[in-house]
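Single-letter residue listing:
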Amino acid sequence: LQWMHDIGISSEPSRRLVELFAKMRLPRGLRFDWINCAGWMMLKLCERELEQYIFDQPLEDIPFRDVRISSLNPSSVYMAPMFAGGSLMFSQDFSQAARLGGSQSLGAGDMGRIRATVDADDETQGDAMDVDEYLRNRTQAPNFDLFVSSKQRTTSAHVKRLQSSLRRNVQSVKQTAESEKLRYARRYEETKALKDRMKAERSHRVEILRKYRYGDVPDVRIKRTDILKPLQRLVLLDSQIAKCVVVSLASGEVIKKNLGETEVKGLKDEIHRSLCLHETESADVVEAVLDIAHSFKFSLSAKNVVAAAERSGSYHQAIHFLEKQALVSGSVPIPAGRRGVKRAVEGSTKGVEDSDWFNLSKLYLCLGEHDIVRGLYEKFSKVQETRMALNEELIGDFDKAKEIYFDLRKCSDLGEVISGDTPSELELDLWDQGIKDCLVGLQQWENVRAWIRDELELKEEIHHSKCTKIWDHENKKELDLYIRSLVGSLGLRIVDREAMDVESSSVQAQLSTLALDVLFNDSEAFQERRRVMQDDFPCESAIGLLLDREQYNESRFELVKKGLDLVKGGYSKFLERWNSAGISGPVSRRGLLRSLQALVESEEYLELCKASSPKVEAVQDLLSRWSGRMPRKDVDLDNSTLHVMCCRLALLSHLKGFHGLDVASKDAAVEVSIALSGLCRKRGNFTTAREWVRRAGECLDDGSGGGSRDLREKLQISGLKLQVAVAGRGSEGEVLAVRDSASLEVGDSYKTLALEAEVLAQSPSSISKALAKYRQAAKACQGADEPSRQDSKRGEVLFKFATFCDKIHKSDVIADDSLPSQYVGCMLSSMSLGCARAVMHFPRVLEVLRSVHDKTWDEFRSRSKGICCRSVLQWLPQLFSEVSMATRAKAASSSAGTAVDVRALLLGLLVRIASEYPQDVFFAYRVVRHDVDRGQLKPFWEEMEIQPGTMNLLESFCRSLQLLQDPDQQLKDFLTALSTALKNPEGSDFNAEYEYRVVFEDCLDKTNKELGQVRLKFATDKLSSQITSKLGQGGRFMKPDTKAVNELNESVKTVKGPSTQQLGHLSTFLDRFDGSPSTEVFEILIPGQFTQAFQGSARDSTVKLVSFDTNLKVMASLRRPKRLIMRGSDAKEYWWLVKNGEDLRQDQRVQQVFKAMNHVLRGDARCAQARLGVLTYEVVPISQTAGIIEWVQNTRPVQDLFDMVKTENEKCASEYSKLYKDVGAYAAALKSASRAKVLEEQCSTFEAIQNMIPSDALRLSVLRFATDAKMEFDMRSNYARSLAGICATHYLLGIGDRHLQNVLIVERTGSLLGIDFGHAFGSAVQLLPVPELMPFRLTRQFLGVLAPLDTEGLLKRSMTHVLTALRRNKEMLTQTMRIFMEDPTVDWKKYARMQAAALGAGTEAQSSQASNSSRSKSQRQSTQSTPSQMDRFLEVKDKALQDKFDGWHPRKIMLEELQCSQFEWIRKEARSGGGIHAILAAEAGVSAPLDPFDQAAALIQHATDAKVLSHTWKGWCPWV
């Protein structure tokens, strides 16, 4: 504050803002407080403008009215002192009356008094205190009991006692059992009712009013400046509030209007200068500067913005500013030009090094967004070799990338033309940066220093007084890399003999001289260097102090003390930078946390060095602590992690060389080498990983002793893992080279045996040896006596052996009948050990059981007893599907055979699951119980050891959910199905007698007490009498003719559905349900809570159903589904959507496949790092026509986000409808598309309609919840990741009907969620009268959310990662999808009949569609009763699925699917010469499968093709 008074800032608002930036260079101690001081000074400007009172008129001229405010409301009390602006003198008689708790009636004489109603305590009576003093002294809340009556005090005390009791109950709930949770729920309801009664009583009570004498000033008589005082104090205390104040005031219209051209130019110059200040390290300051510059539409130097962001960690704000600046300037991401030429970008004066996109790429890399940078460079690079080098660099092959970069640079220096094109200026700079990055990645530290010396043209060492260039601020990165390279080379001394012999003395001398000269030289030339070394390199300086042996022996204590001072200074600098990073700098904070480890370990070692000869126990304790701080396996090897490990190696080198502790330091160094090898291997940097393995092996074999058995085994495992990784990308010779360089001898543990087998399995000639090794590993694994924490590792070994057995069994490479039994046994054992990957392969186990028997069944029977029941809950549909197929096979066969034994095997497992999770088993059984119990002596449920009361309760629950359907809807469904069955009695399996009996009980039986008011009213209607007279009385079905059924159907269609939203009107059971232990012996659990990710059996954490909300929400769709709210025993609400009349098994299975895909993506390194996946929700079918769906809260359909452009959207719909009035218009347009000119006109018309809506309409709606730049960046990233996941997964599953109501947006995160999967596996292509010709939805508005980036930067790479991971796990995923084929849903059976009718029942499927089918004929014949229809239908689905996973062009696959359309004209137009063929055949003639990258590019091009979108059904809204 004293500084602000001394510098004398102007009182004019327009000048003060400019002067604040001009005075930004504060003393060092205040530079992080600039934003606070600026906020305080900006608020000071407002005092002069806000001196007037809030009310302009005199108070006696202002009419007042009585407003009663309860004294129990604390918010009204805290307002009084905040607005203290005048005298608050109260009359004595009023104060006394208030203390006595009495009330006074107002007579005619009171009308002249000014009255207010805010209660006050003793502290606020008398003269008003100053606001600042009040804020400093206020420490406790007022005593409300002074102003309430005794009755009120009693009630208030009762509430407090209840609240205290509730708090004790909550603590008890956390420690004890379920009964406490239920008691808490009941107490919650009681307290809520009591509060409601108290509120009603208070609303009728007449309370006291505060009285004022005439002329007294009440609370409302305040000045506006009084509001500023608490805000000024907050501004000085909180930098976030200060930033908001500065930006708001500086961006206000008042200041903008008062600024002239000179002031605006001065403000821009000061903002430019402030970004260049080295002291500008506060994130709040940088963010405020950029926000102000954006509000004034200033164009700033991108290079300076990036530099400020790197100093402060404000990456998101800098990205936000530069992206907006790039959009305004219209600059292209990559400008072309020659080396050394400063080309203008779209009329601007920026050079390449100051290009917005060039600097944005640096910021993206700082946030770890490598895919964005790769996409930008690949899109705009002119030289093909540049893209190749980038690909090699980003997959971790730095050695190959370095060679490409060196060759490119050599050709450029010689003036040769590369790839027939001239490289851009950016590419030339990119090559130099790429070489440097590759050298760092390969950890060739001497070459790094040589490159820096050559780049900066350094002639002296950096510690020399004449070497000044590298110490300039613009070369800070080079200085940082140079010093880190010295530490890296020093660390190699302990593990690398070559490094020890060649450059150890030079590196040691450089670092030691640098530390001693810079830190102890008092000349002025070294002052800035001393500050840099103390602030930025405390650990390196401390290490350098210890390296001179002569100095260390003579003045060891002084050097150690100086080193500790440096480390403490590093702590202070760390805290300073941590605070300045702010809430928007998580990436910067992560890097700071990693650097903190180097400070801690340096301090620990310096404390150890205080003793002349450290004790062995102290050294062992230190090394033990360091061993526990190894990098996590899931952390990428970035430069900060690498530097921490290099610092540790340097300290270990000093420990070995100066204190003679060779064995201990060597073992610790080997452990670090193994860890670094693993991190390099995971990154794909096999060259460096091989070097670390070699160094560790030579270090253990140097003859000095040391190296425990566990340490040598770790080295063996690391070398073997490297061999496996190289085998997946390299040749067999490279695999052997890895092993030779590591000098490994494989041990006999199950880990090493399994890795050796995995290496051998890569070579076709070594399959037999690999099988033998795997069997040894499995035997050692099952016999290992290890703690339970090693179960997961043993499970992984058994899983790999099982998958290997299955692979060679399918390929028939080895004729071994024991392979199926070994597969089943090892896979189930792996599941019992908790291997999540093995759980995902359980459907394959069921398929193997179906094809083999004897020993395999014995393995299943014995091994399945150890499986955790919860792990297979997600596969209950597959289990019951297998039981159904076995039951049908038995009914079709006269002998018992294999099917009976498989059924018995699976029923044994189901019985065990039902004993722990009866509800989940019951729901799954209820859907297929007719198939499961067909031909059996007793129903399956009677074989379960479950209490009958549980089954009866669950059956009542399911029946009540079905009764939530409108009765007219249920009748329509029944009459429609009956009409279809009467028309085609032979091809239908509709059981009319059973279905009519159900309909009669639900809709027509007046005596049914379970029915609610709505259904009872419907049962007494005249229409019900007509139905029973024609179909049968009392539920006894009389077969009618088709005409009578059609007449009844037309009559039912005229019935208007009920408008009630009360649960009791539809279901008395649900309305009266009480799940508390005192009322029900049996219990119902909240559905779906055990089918989440497998986490073991946690029965003690189950949530029970307590009651239902009495209100329903009826959705405005065709079937009028209802939203039902369940209340759980954990006092939470669970929202569900109850749907009837639809087979939800398809939605459930789609979600099941999505969960399996998410499991695959989490196991893939790149997908996990990019957090790619698909949002899922629970679907619980309770019958073949009913079920419940989890209601995902905080979501909105995309359609609802277009309210702001509703007019434009309606105009587009109107114009598009003029083109296509009906289905015939679409057919005509598709037929005419065979003519190129007509097709071009159709595309132009569509693009004109599309341009009526602003391209950023959806983007503004999605990002409207973003409160800052980081949140906006995260929401866009979440949107892009979820869009990539949806596009890739929906394409593979053939999901269609993606209209705007079927795509939801999560409002707070920006992620996308797909719903309603009625059209899957290409049904929208084959069955709709207007076929969907696009693979997924990727329209103009959906792409607009990615702006200013596009599909190259944010979508294509993510889709490539997803497709790569899913295609790699093709077998597991297709096996998961097999249930669609083996147990078709009701809709699939209907679709098969429709397709058979269209193509002809006797026509054989096309040979091209049957040739690649993976399903065997025997499997298909066992799954349906009409193979001539269903078999052809499933062959088409199966072939399309296989082709998508194999990577065939999407247009080619779609044309083949269209050949099986149920419409003749579509099949004709899809052939060569037709209009649809002309639209899709542009790239459909590809003769080989595409790789994932090209497949993603083809999909994006297909989905965004205007030719496709211009022929899309209008309800799909293709213009959005």
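Above this text sits the structure in question.
Given the structure is predicted, the values throughout are model-derived calculations rather than measurements.

Rules of the game
Residues numbered from 1 in each chain as written. Predicted model: local features only at pLDDT ≥ 70, side-chain atom pairs only at ≥ 80, totals over all residues. Heavy atoms only, no water. Helix = DSSP H or I, 4+ residues; strand = E, 2+ residues; numbered from the N terminus. Buried < 20%, exposed > 50% of the residue type's maximum accessible area, 1.4 Å probe, protein only. Areas by Shrake-Rupley, 256 points an atom, 1.4 Å probe, with all protein chains shown as cover. Pairing = 2+ DSSP bridges. Axes fitted to C-alpha atoms, helices over the stretch in contact; angles between N-to-C directions. Contact = heavy atoms within 4.5 Å. Parallel < 35°, antiparallel > 145°, perpendicular 65-115°, else oblique. Left-handed = near helix turned anticlockwise from the far one by under 90°. Lys, Arg positive; Asp, Glu negative; His and termini not counted. Salt bridge = Lys/Arg side-chain N within 4 Å of Asp/Glu carboxyl O. Expected span 1.5 Å × (residues − 1). Bend = angle between axes of the 7 residues up to and from the residue. Phe/Tyr/Trp six-rings, centres within 6.5 Å; stacked < 30°, edge-to-face > 60°. 1 Å grid on protein atoms, 1.4 Å probe; cavity = no way out; pocket = protein on both sides within 12 Å on 5 of 7 lines; lining within 4 Å. Points joined across faces, edges and corners; volume = space filled by probe spheres on them. Nonpolar A, V, L, I, M, F, W, Y, C, P; charged D, E, K, R; others polar.

Engineer: In this structure, what is going on with the overall build of the chain? I would like to understand it.
Structural biologist: Looking only at helices and strands, one finds 75 helices and 11 strands in the chain. Split into buried and exposed, the 1520 residues of the chain put 53% on the buried side. Carbon and sulfur atoms form 50% of the exposed surface of the chain, whose accessible area is close to 66800 Å².

Engineer: What exactly am I supposed to notice about the environment of N1046 here?
Structural biologist: With respect to the helices and strands, the residue N1046 is situated in helix α52 (residues 1042-1053). N1046 gets classed as partly exposed once you look at its relative accessible area, which sits at 31%. Once the C-alpha coordinates of N1046 and S979 are considered, the two residues, 67 residues apart in sequence, prove to be 7.1 Å apart.

Engineer: I'm lost on the sheet that holds strand β9 (residues 1195-1197) in this one. Help?
Structural biologist: Within a sheet, adjacent strands bond to each other through the backbone by hydrogen bonds, running parallel or antiparallel. With antiparallel pairing, the 3 strands of this open sheet are ordered in space as β9-β10-β11. Across the chains shown, the open sheet's two edge strands, defined by having one partner strand only, are β9 and β11 (1312-1314). Strand after strand, the sheet turns through a mean of 35° between neighbouring axes, direction not considered. With 3 bridges connecting them, β9 and strand β10 (residues 1303-1306) associate as antiparallel partners. Looking at the pairing, T1195 lines up with V1306 of β10. The strands touched by helix α60 (residues 1269-1293) are β10 and β11; relative to β11, the strand with the most contacts, the crossing angle is about 25°.

Engineer: Honestly, the pairing of strand β6 (residues 1133-1140) in this entry has me stumped. Any pointers?
Structural biologist: A regular strand places its side chains on the two faces of the sheet in alternate fashion. As defined by bridge partners, strand β5 (residues 1122-1128) adjoins β6 across 6 bridges and the pair is classed as antiparallel. Looking across to β6, one finds that M1126 is bridged to Y1134. If you look at the hairpin formed by β5 and β6, you'll find 4 residues sitting between the two strands, and A1131 has a positive phi there, around 65°. For β6 and strand β8 (residues 1186-1190), the ladder comprises 5 bridges, and the chain directions are antiparallel.

Engineer: Would you explain the packing of helix α36 (residues 750-760) against helix α38 (residues 791-811) in this entry?
Structural biologist: What describes two packed helices is the angle between their axes and the distance between those same axes. In contact at an axis separation of 10 Å, α36 and α38 are set at 30° when each is read in the N-to-C sense. Of the possible angle classes, the one that applies to α36 and α38 is roughly parallel. As for the relative orientation of α36 and α38, their crossing is left-handed in sense. In this structure, α36 uses Y750, K751, A754 and E758 to contact α38, whose residues at the interface are K793, R794, V797 and K800.

Engineer: So what exactly am I meant to see when it comes to the side chain of K402 here?
Structural biologist: On the secondary structure map, K402 appears in helix α19 (residues 398-413). Of the buried charged residues, K402 lacks a salt bridge, with D399 as the closest side chain of opposite charge at 4.2 Å.

Engineer: How should I be thinking about helix α45 (residues 918-932) in this particular structure?
Structural biologist: Residue pairs spaced three or four apart in an α-helix point in one direction, given the helix's 3.6 residues per turn. Taking 1.5 Å per residue, 15 residues should reach 21 Å; α45 reaches only 17 Å between its end C-alpha atoms and comes up short. Bending of α45 peaks at approximately 55° at the position of R926. Judged by how many residues are buried, α45 sits mostly within the fold: 13 of 15 residues are covered.

Engineer: Would you take a moment to explain helix α22 (residues 476-491) for this structure?
Structural biologist: Taking 1.5 Å per residue, 16 residues should reach 22 Å; α22 reaches 23 Å between its end C-alpha atoms and fits that length. A large share of α22 lies buried, amounting to 12 of its 16 residues. Among all positions in α22, only E478, L479, L481, Y482, I483, S485, L486, V487, G488, S489, L490 and G491 are buried.

Engineer: So what exactly am I meant to see when it comes to the packing of aromatic side chains here?
Structural biologist: The way to describe two aromatic rings as a pair is by their centre distance and the angle between their planes. A complete count under the given rule lists 19 aromatic pairs for this structure. Measuring from centroid to centroid gives 6.0 Å for F974 and Y996, while their planes differ by 35°, and the two rings are tilted. Here Y996 lies in helix α49 (residues 992-1004) and F974 lies in helix α48 (residues 967-983), a separation of 22 residues in the sequence. Each of the two residues, F974 as well as Y996, counts as buried. Here Y1216 and F1246 contribute two aromatic rings whose centre-to-centre distance is 6.3 Å and whose plane-to-plane angle is 70°, an arrangement assigned as edge-to-face. Pair noted here: Y1216 is in helix α56 (residues 1206-1219) and F1246 is in helix α58 (residues 1236-1250), with a separation of 30 residues, a long-range link.

Engineer: Would you mind showing me how to read the pairing of β5 here?
Structural biologist: Of all 7 residues in β5, 6 are buried; the element is thus mostly enclosed. Pairing of strand β3 (residues 1105-1108) with β5 involves 3 bridges; the strand directions are antiparallel. What sits directly across from F1108, in β5, is M1126. Pairing of strand β4 (residues 1113-1114) with β5 involves 2 bridges; the strand directions are antiparallel.

Engineer: How should unusual backbone geometry be read in this particular structure?
Structural biologist: Comment: phi is negative for the bulk of residues other than glycine, and the bulk of peptide bonds are trans. A1347 connects to P1348 through a cis peptide bond whose omega is 5°. Unusually for a residue other than glycine, K297 sits at a positive phi of about 60°. Note that K297 resides in the loop between α13 (283-295) and α14 (302-312). You will see that D1316, though not glycine, has its phi angle at about 60°, which is positive. Tracing the backbone shows D1316 in the loop between β11 and α61 (1323-1326). For D1316, a relative accessible area of 30% corresponds to the partly exposed category.

Engineer: Help me understand empty space enclosed by the protein in this model?
Structural biologist: To find leftover empty space, a probe the size of one water molecule is rolled over the atoms. Summed over all chains, the structure comprises 18 cavities of 30 Å³ or more. Computed from the structure, the largest cavity encloses a volume of approximately 470 Å³. Lining the largest cavity are 31 residues, and of these P877, T1091, Q1148, V1179 and P1181 sit closest to its centre. Here the lining of the largest cavity is composed, by residue class, of 16 nonpolar, 9 polar and 6 charged. Roughly 170 Å³ of internal volume is contained in the second largest cavity. What lines the second largest cavity is a set of 20 residues, among which G1294, V1325, M1334, P1335 and M1454 lie closest to the centre. The greatest single-element share of the lining of the second largest cavity, amounting to 4 residues, is contributed by helix α71 (residues 1450-1458). Taken together, the residues that form the lining of the second largest cavity break down as 11 nonpolar, 3 polar and 6 charged.

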